[in-house]
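Here is how the chains run, residue by residue.
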Amino acid sequence: MRQLLDFTVVENRELAQDTYLLSLAGDTSALAAPGQFVNLEIPGYYLRRPLSVFDWAPGRLDLIYKVLGEGTRDLVQVRVGTTMSVLSGLGNGFHAAPAQHPLIVGGGVGVVPLWALARTLIEEGQNPTVIYGFNSAAEVILVEETEALGARVLVTTADGSVGTAGFVTAALDQVPTADYLYACGPTPMLRALTAATALPGQFSLEERMACGFGACVGCVVSTRSGMSRVCKEGPVFTREELQW
Ligand code: FES
């Protein structure tokens, strides 16, 4: 259930190249599943920006964002103590499927919701292997945090500066066993994954968004049940729904 709420900035700091952690204090009761997102109003901008939820707890919301344009560049300048308007609890999020050895794959800022997903699966007694792909070592985030959960993490970089050289699919042969797939990242990465593995799974799509709650129909994709809004019916779809 979405909620429009005011939050207060507690922290806004750089984690890696052009990638920032924005911690906010406020009511997080609208959030229920990893993979949900919020739509944040950046002071001075009419259109809100959809941001991935990294973690949340009662009273605390941690977002991670990448500087991609003017709005997010100005977001870097937002100071501790600033009040920000947040449309919270958006999207469906991942659901934990019954599995023994899930494979979790993220690319770029697509890794952000996967840390909380890995934590959920581990709490349920599953044994996930994680592949995180980045362009270069300077962009690497959340590897230590994910390892600290007890997951095995394989890193790939397109330029080979850390981990296995190449895209996330380059590390698939290092995964000993997997019976389910969760993935979040750019569409070409998700499509490459579906071409490389027949595993059933869930995919969180990245799509340009405006309203973030299903009103503008600006984010539709074709699914088995017809045209679906990434922000409302998604962003997480099963592989079967996407028919990839
Ligand atoms: Fe408006 Fe999805 S962003 S319907």
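Residues numbered from 1 in each chain as written. Predicted model: local features only at pLDDT ≥ 70, side-chain atom pairs only at ≥ 80, totals over all residues. Heavy atoms only, no water.

Caption draft 1: Structural view of the sheet that holds strand β12 (residues 201-205). Across the sheet, which stays open at both edges, the seven strands sit in the order β10-β9-β8-β7-β11-β12-β15 with mixed pairing between neighbours. Either end of the sheet is taken by a strand with one partner, and the two such strands are β10 (164-165) and β15 (236-238). Relative to strand β9 (residues 152-157), strand β8 (residues 129-134) is paired through six bridges, and the arrangement is parallel. Within β9, the position partnered with Ile131 by the bridge is Leu154. (Pairing = 2+ DSSP bridges. Helix = DSSP H or I, 4+ residues; strand = E, 2+ residues; numbered from the N terminus.)

Caption draft 2: Focus on the sheet that holds strand β2 (residues 19-25). Taken together, six strands build a closed barrel; the order of strands is β1-β2-β5-β4-β3-β6 and the barrel is antiparallel. Mean inter-strand twist for the sheet, computed between neighbouring axes without regard to direction, equals 45°. In this sheet, strand β4 (residues 49-57) lies alongside strand β3 (residues 37-40) in antiparallel orientation, the contact comprising four bridges. Along β4, the bridge assignment pairs Leu40 with Arg49. Taken strand by strand, helix α2 (residues 112-123) contacts β4 and β5 (60-66), and its axis lies near 30° from that of β4. (Axes fitted to C-alpha atoms, helices over the stretch in contact; angles between N-to-C directions. Contact = heavy atoms within 4.5 Å.)

Caption draft 3: Structural view of the confidence of the model for the protein. With 100% of its residues at a pLDDT of 70 or more, the protein has an overall mean of 96. What the predictor reports for the complex is a pTM of 0.96 with an ipTM of 0.98. (pLDDT = per-residue confidence, 0-100.)

Caption draft 4: Local environment of the UniProt feature "binding site: [2Fe-2S] cluster" (unreviewed entry) in the protein. Under the UniProt annotation, "binding site: [2Fe-2S] cluster" (unreviewed entry) lies at Cys211, Cys216, Cys219 and Cys231. The largest pairwise C-alpha distance within this set of annotated residues, which runs over 21 residues, is 10.1 Å, so the set is compact in three dimensions. On the secondary structure map, Cys211 appears in the loop between β12 and β13 (220-223). Residues in contact with Cys211, not counting those within four places in the same chain, are Asn39, Leu87 and Cys216. With respect to the secondary-structure elements, Cys219 resides in the loop between β12 and β13. When sequence neighbours within four positions are dropped, the list of residues in contact with Cys219 reads Glu207, Arg208, Met209, Ser228, Arg229, Val230 and Cys231. (UniProt positions renumbered as here; feature names shortened; annotations may be inferred.)

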